[in-house]
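One letter stands for each residue in the lines below.
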Amino acid sequence: MSAMPVCLYCQHINPLQTTVCCQCGMPLPALAEQATARRLRRFQWFCIGLTIFCVAMFFWLPRGTG
Ligand SMILES: [Zn+2]
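Residues numbered from 1 in each chain as written. Predicted model: local features only at pLDDT ≥ 70, side-chain atom pairs only at ≥ 80, totals over all residues.

## Concerning the overall build of the protein
Along its length, the protein carries one helix and zero strands. For the protein, the proportion of its 66 residues judged to be buried stands at 6%. A separation threshold of at least 6 residues defines the contact pool for the protein, and within that pool the share at least 24 residues apart is 5%. (Helix = DSSP H or I, 4+ residues; strand = E, 2+ residues; numbered from the N terminus. Buried ≥ 20, exposed ≤ 12 C-beta atoms within 10 Å, placed from the backbone. Contact = placed C-beta atoms within 7 Å.)

## Brief notes about the environment of Pro 29
Along the chain, Pro 29 turns up in helix H1 (residues 29–60). Pro 29 sits 24 residues away from Pro 5 along the chain, and the two C-alpha atoms are 7.1 Å apart. Among all residues touching Pro 29, those that are not within four sequence positions of it are Pro 5 and Leu 8.

Note that all results are geometric; they support no functional claim without further evidence.
What follows is the structure, given as structure tokens:
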């Protein structure tokens, strides 16, 4: 059971599975949370990629032994 999305801007109660407010057209909180989660996931992948890049560079670059 999930709550009906209430608009943060005009307090209009929207039907389920609505992405924007029916009354004022602003994005609903549930969608904003999804966008935040997606951004967080992208940031995690960026960190993983950066780590892999650093490890690859560590092994690829000469280490000054010869
Ligand atoms: Zn609204």
